[in-house]
Protein chains: 2
Amino acid sequence: MRVSDIAAATCSIARALGAIGDPWTLLILRELFLGQRRFEEFQAQTGMAPYLLSRRLAKLAARDIVARVPYRQRPVRYEYRLTDKGRDLHAVVVALAGWGDRWASGPEGPPLTLIHKACGQETHPVLACSACGKPVEAHDLRARIGPAMQAERRLNRERFRARTRHAARPARSNEPAPSDKTESAPK
Amino acid sequence: MRVSDIAAATCSIARALGAIGDPWTLLILRELFLGQRRFEEFQAQTGMAPYLLSRRLAKLAARDIVARVPYRQRPVRYEYRLTDKGRDLHAVVVALAGWGDRWASGPEGPPLTLIHKACGQETHPVLACSACGKPVEAHDLRARIGPAMQAERRLNRERFRARTRHAARPARSNEPAPSDKTESAPK
């Protein structure tokens with residue numbers, strides 16, 4: 001499977017990643033959520049080369065995540081706005097920021113704080129159950145894999161076994177030989 | 001800025017992406033959250049080449065997102081488990097899955113459903129305010145950019161202006177010339 005095939009997979013995460021799973025795209029989304037709309041501002045804040053930025057924006061527009069809207073005529077100039085589909089990536093961006101705050105902030109602390117307008121307080125949004133409203137962590141959830149994804153996963157496994165059976169060496173030799181410190185030092 | 005520099009930026013999102021912002025890494029995380037722990041199973045389900053998979057796993061281990069734990073001696077074999085830091089990426093993965101469900105599911109519907117163990121119901125987790133517990137959407141939040149990030153953003157802007165001033169052509173010529181249909185067709 002190549003990166004370009006990810007979007008075609010059954011899994012929603014894989015599909016989402018096919019659309020937005022590259023760091024540059026997510027940095028552009030960050031700028032959009034911070035209220036930026038202009039090409040030059042994206043360029044200044046992400047440090048992306050114009051060619052790369054332009055390609056990423058075109059991809060986002062083609063996927064209906066951003067809309068290109070003219071803000072001036074003669075010469076015509078465009079700005080970029082999040083569509084409903086784009087704004088709905090909000091939870092992804094906020095969750096990434098929260099994780100970054102908890103595990104990767106520097107000594108100066110989180111670079112940005114979020115205020116919940118309705119209650120006026122600083123907020124660190126958490127995931128909550130859509131049914132009962134209580135906060136949910138990883139261990140509070142059980143995944144029920146549907147028939148399509150179950151079939152796909154079974155097929156993946158069978159194909160993988162067939163591939164490694166036909167190879168000259170046994171399946172597990174695909175795992176790199178123990179070589180680094182963690183592997184060779186018994187605990 | 002190169003992709004490798006993203007992790008050094010002040011923004012938490014940029015930092016998070018420096019650690020996990022590539023589609024392959026997120027597919028491995030998906031497998032870990034689905035309970036998989038073995039190299040071969042990751043290989044079968046993501047379709048990654050062993051070399052790439054091994055490199056991504058090593059990166060995740062170096063960042064303390066997964067732990068490598070021996071499950072057999074003679075010959076020693078390892079499995080991969082999420083650390084606390086890794087499990088805390090849960091909200092990112094669930095948010096990505098939710099977005100994929102809403103905007104990119106096929107005709108067969110979402111491939112996987114989540115059950116909230118405590119209330120027993122199917123759940124589509126949403127972001128909620130950590131202070132008042134109410135669900136929050138993009139428009140419910142206001143970002144307050146801290147002094148460090150403000151300074152960084154100002155510097156980005158100044159540097160960008162200096163770069164484009166010194167270039168032979170004006171700043172906005174960095175935006176690609178209108179050429180595609182959306183741009184040339186007036187509405």
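Keep in mind the model is a prediction, meaning the values are calculated, not measured.

Caption draft 1: Structural view of the interface of chain A and chain B. Tallying the contact residues gives 114 residues for chain A and 112 residues for chain B. Interface area for chain A against chain B, summed over the two sides, is near 10,500 Å², with a carbon-plus-sulfur share of 62%. Taken together, the links from chain A to chain B amount to 6 salt bridges. A salt bridge links arginine 157 of chain A to glutamate 41 of chain B, with the shortest nitrogen-to-oxygen separation between them at 2.7 Å. At the junction of chain A and chain B, the tally comes to 32 residue pairs in polar contact (both at pLDDT 80 or more). Here the side of chain A that touches chain B takes 14 residues from helix H6 (residues 90-104) of chain A, the largest share from any one element. Here the side of chain A that touches chain B is built from residues that sort into 59 nonpolar, 25 polar and 30 charged. Here strand S6 (residues 141-145) of chain A runs beside strand S3 (residues 112-116) of chain B; their pairing, made up of 5 bridges, is antiparallel. The residue bridging isoleucine 145 of chain A from the neighbouring strand is leucine 112 of chain B, located in S3 of chain B.

Caption draft 2: The arrangement of the relation of the copies chain A and chain B in detail. Its rotation angle being 180 degrees, the transformation that places chain A on chain B also includes 0.0 Å of axial translation and leaves an RMSD of 0.0 Å. The operation mapping one copy onto its partner corresponds to a two-fold rotation axis. Ranked by how close their C-alpha atoms come to the rotation axis, the residues of chain A are headed by leucine 127 of chain A, at 2.3 Å. Interface residue correspondence from chain A to chain B reaches 98%, placing this contact among same-surface, isologous pairings.

Caption draft 3: View of the sheet that holds strand S4 (residues 122-123) of chain B. Read across the sheet, 3 strands follow the order S6(A)-S3(B)-S4(B) without closing on themselves; strand pairing throughout is antiparallel. In this open sheet, the two edge strands, each paired with only one partner strand, are S6 of chain A together with S4 of chain B.

Caption draft 4: Structural context of the pairing of strand S3 (residues 112-116) of chain A. Residues and elements named next belong to chain A. Within S3, 5 of the 5 residues are buried, which leaves it mostly tucked inside the rest of the structure. Pairing analysis gives 2 bridges linking S3 to strand S4 (residues 122-123), with the strands arranged antiparallel. Within S4, the residue paired with leucine 114 across the bridge is threonine 123. In textbook terms, the turn of a hairpin is the stretch between consecutive antiparallel strands, and for S3 and S4 this stretch comprises 5 residues, one of which, glycine 120, has a positive phi near 75 degrees.

Caption draft 5: Spotlight on unusual backbone geometry. Residues and elements named next belong to chain A. Of note, the bond from arginine 74 into proline 75 is cis; its omega dihedral lies within 30 degrees of zero at -5 degrees. For aspartate 64, which is not glycine, the phi torsion reads 65 degrees and is therefore positive. By the element assignment, aspartate 64 lies in the loop between helix H4 (50-62) and strand S1 (66-72).

Caption draft 6: Structural view of the pattern of salt bridges. Overall, the coordinates contain 16 salt bridges over all chains when judged by the stated rule. In this structure, glutamate 31 of chain B engages arginine 153 of chain A in a salt bridge whose closest nitrogen and oxygen atoms are separated by 2.6 Å. Remark: arginine 153 of chain A occurs in helix H7 (residues 147-166) and glutamate 31 of chain B occurs in helix H2 (residues 23-33); the pair is interchain, linking two chains. As far as burial versus exposure is concerned, glutamate 31 of chain B and arginine 153 of chain A are alike and both buried. Across the pair glutamate 79 of chain B and arginine 38 of chain B runs a salt bridge, and its minimum N-O distance is 3.4 Å. With a gap of 41 residues between them, glutamate 79 of chain B in strand S2 (residues 77-82) and arginine 38 of chain B in the loop between H2 and helix H3 (39-46) connect regions that are remote in the sequence. Using a relative accessible area of 34% as the deciding quantity, one classes arginine 38 of chain B as partly exposed. A single salt-bridge network, built from bridges that share partners, covers Arg37, Arg38, Glu79 and Arg81 of chain A.

Caption draft 7: Highlighting the pairing of strand S2 (residues 77-82) of chain A. Residues and elements named next belong to chain A. The element S2 is largely enclosed, with a buried count of 5 among its 6 residues. Two elements, S1 and S2, share 6 bridges in a ladder whose sense is antiparallel. Opposite valine 69, over in S2, you have glutamate 79 as the bridge partner. Taking the residues between adjacent antiparallel strands as the criterion, S1 and S2 are bridged by 4 residues, where arginine 74 takes a positive phi near 45 degrees.

Caption draft 8: The arrangement of the sheet that holds S4 of chain A in detail. As summarised here, the arrangement of the 3 strands in space is S4(A)-S3(A)-S6(B), forming an open sheet in which the pairing is antiparallel. The sheet is open, and its two edges are formed by S4 of chain A together with strand S6 (141-145) of chain B, each paired on a single side.

Caption draft 9: Local environment of the packing of aromatic side chains. Residue and element names in this part refer to chain B. All told, the structure shown has 2 aromatic pairs over all chains when counted by the stated rule. On the basis of an interplanar angle of 55 degrees and a centroid distance of 6.1 Å, the ring pair of phenylalanine 42 and tyrosine 80 is categorised as tilted. With a gap of 38 residues between them, phenylalanine 42 in helix H3 and tyrosine 80 in strand S2 connect regions that are remote in the sequence. Neither residue differs from the other here; phenylalanine 42 and tyrosine 80 are each classed as buried. Stacked on the ring of tyrosine 78, the Lys or Arg arginine 68 has its end atom at 4.8 Å from the ring centre.

Quick notes on the rules
Residues numbered from 1 in each chain as written. Chains lettered and ligands numbered in written order. Predicted model: local features only at pLDDT ≥ 70, side-chain atom pairs only at ≥ 80, totals over all residues. Heavy atoms only, no water. Contact = heavy atoms within 4.5 Å. Buried area = accessible area lost by both parts, 1.4 Å probe. Salt bridge = Lys/Arg side-chain N within 4 Å of Asp/Glu carboxyl O. Polar contact = N/O pair within 3.5 Å; in protein donor to acceptor, adjacent residues only side chain to side chain. Helix = DSSP H or I, 4+ residues; strand = E, 2+ residues; numbered from the N terminus. Nonpolar A, V, L, I, M, F, W, Y, C, P; charged D, E, K, R; others polar. Pairing = 2+ DSSP bridges. Least-squares fit on C-alpha atoms with pLDDT ≥ 70 in both. Buried < 20%, exposed > 50% of the residue type's maximum accessible area, 1.4 Å probe, protein only. Phe/Tyr/Trp six-rings, centres within 6.5 Å; stacked < 30°, edge-to-face > 60°. Lys NZ or Arg CZ within 6 Å of the ring centre and 35° of its normal.

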